[in-house]
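Fold and contact review
Below are the chains, spelled out letter by letter.
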Amino acid sequence: MEFFRIRRDIPFMRYAPVLNVISALLFIAAVFFLVTRGLHLSIEFTGGTVMEVHYPHAADLDTVRAVPRRLGYGDVQVQTFGNARDVVIRLPLRAGQSSVAQSERVMAGLKAADAQAQLARTEFVGPQVGSELATDGLKALAFVIGGIMLYLALRFEWKFSVAAVIANLHDVIIVLGFFAFFQWEFSLPVLAAVLAVLGYSVNESVVIFDRVRENFRKYRKYSTVHVIDSAITNTISRTIITHGATLAMAFSMFLFGGPALHYFALALIIGISMSIYSSVFVAAAIAMWLRVKREDLLKSGPGRPKNPNDPNAGAVV
């Protein structure tokens, strides 16, 4: 499906040097903030008190959130659990205050706001559990990146694999840099959004790389820069459709999903926006700097059997 077709190739790679410098500066700034300020981790990673409160009617989440905030808990998480009558409240650790004391104090405030509130359960999540979650999250990131590298190296060529992984790391580090700079809360849903951005970013790069390979076969006299510009121009309509739809979904969650989805949606918005940029001006540009050429993609070798239907299969490279 195409909303429109651009007849003249847009010279994207002409602007690659300047935009690559900007990308490098953004990446360095993101790393700097991650090192100096760090991430503002939620209680899933740092530990805290989890309360489940039951109401005989649909709970007013704004009222529930206001109670612990009045008591000085700035990083409280409140969301429904299973239905609109059950609410889960996550409180951060407080020095010199036990989990029982925290839950009793908050429950007293909730009962003062609504006498029908009932404490269903309370439990303490220790820092050790949070440390394990953080370690598992880093392992998940490493496995995803490794899988992406292997997939692209087998499907295309190692130069595209390197280009796509650098672009993916660019997107992830900049998303994390935003969270470090503004000290937004980094929770498990945000980690899930980061993993989703990894997959989303590589998908866009694969679409462009696939069109680059087709153009190398179709236009034998084109230079590498011209081939890349043509591939990006040919996929613009598809990019507008897919990214427009996903950004509309992410903005809907950001505007109407409430506090529970706020940072999850924000991470998706930043990550999807960066993936549009990085697939063109990072991944494609790095492939250009690595001097990818027609011979790299059309040669036969291990894992690349000749296709008898390919007009270039018998060509001498």
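The coordinates are above.
This section reports on the structure supplied with the text. (Residues numbered from 1 in each chain as written. Predicted model: local features only at pLDDT ≥ 70, side-chain atom pairs only at ≥ 80, totals over all residues. Heavy atoms only, no water.)

When its secondary structure is counted, the protein chain shows 11 helices and 6 strands. Here the protein chain has a C-alpha radius of gyration of 25 Å; the compact-globule value for 317 residues is 20 Å, and the former is much larger. Viewed in the frame of its principal axes, the protein chain has a C-alpha envelope of about 80 × 40 × 40 Å. Taking the intrachain contacts of the protein chain between residues at least 6 apart in sequence as the baseline, contacts between residues at least 24 apart amount to 78%. (Helix = DSSP H or I, 4+ residues; strand = E, 2+ residues; numbered from the N terminus. Rg over C-alpha atoms; globule rule 2.2 N^0.38 Å. Contact = heavy atoms within 4.5 Å.)

What follows concerns helix H10 (residues 259-289). Relative to the 45 Å expected for 31 residues at 1.5 Å per residue, H10 spans 43 Å between its end C-alpha atoms, a close match to the ideal helical length. For H10, a buried count of 22 out of 31 residues is recorded, marking the element as mostly surrounded by other parts of the structure. (Expected span 1.5 Å × (residues − 1). Buried < 20%, exposed > 50% of the residue type's maximum accessible area, 1.4 Å probe, protein only.)

With 32 residues, the main nonpolar core has Met13, Val212 and Ile232 as its most contacted residues. Looking at this core, the elements with two or more residues in it are helix H5 (127-155), helix H6 (158-182), helix H7 (188-218), helix H8 (224-234) and H10. For this core, the element with the highest residue contribution is H10, accounting for 9 residues. Core analysis: the next-biggest nonpolar cluster, separate from the first, contains 27 residues, Leu141, Phe179, Ala193 and Met274 among them. (Core = buried A, V, L, I, M, F, W, Y, C linked by side-chain atoms within 4.5 Å.)

Now for the sheet that holds strand E2 (residues 48-54). With antiparallel pairing, 4 strands are arranged side by side in an open sheet as E3-E4-E2-E5. Single-partner strands in this sheet number two, and they are strand E3 (77-81) and strand E5 (118-125). Sheet twist, expressed as the mean angle between neighbouring strand axes with direction ignored, is 20 degrees. As paired strands, E3 and strand E4 (residues 83-92) are joined by 5 bridges and run antiparallel to one another. (Pairing = 2+ DSSP bridges. Axes fitted to C-alpha atoms, helices over the stretch in contact; angles between N-to-C directions.)

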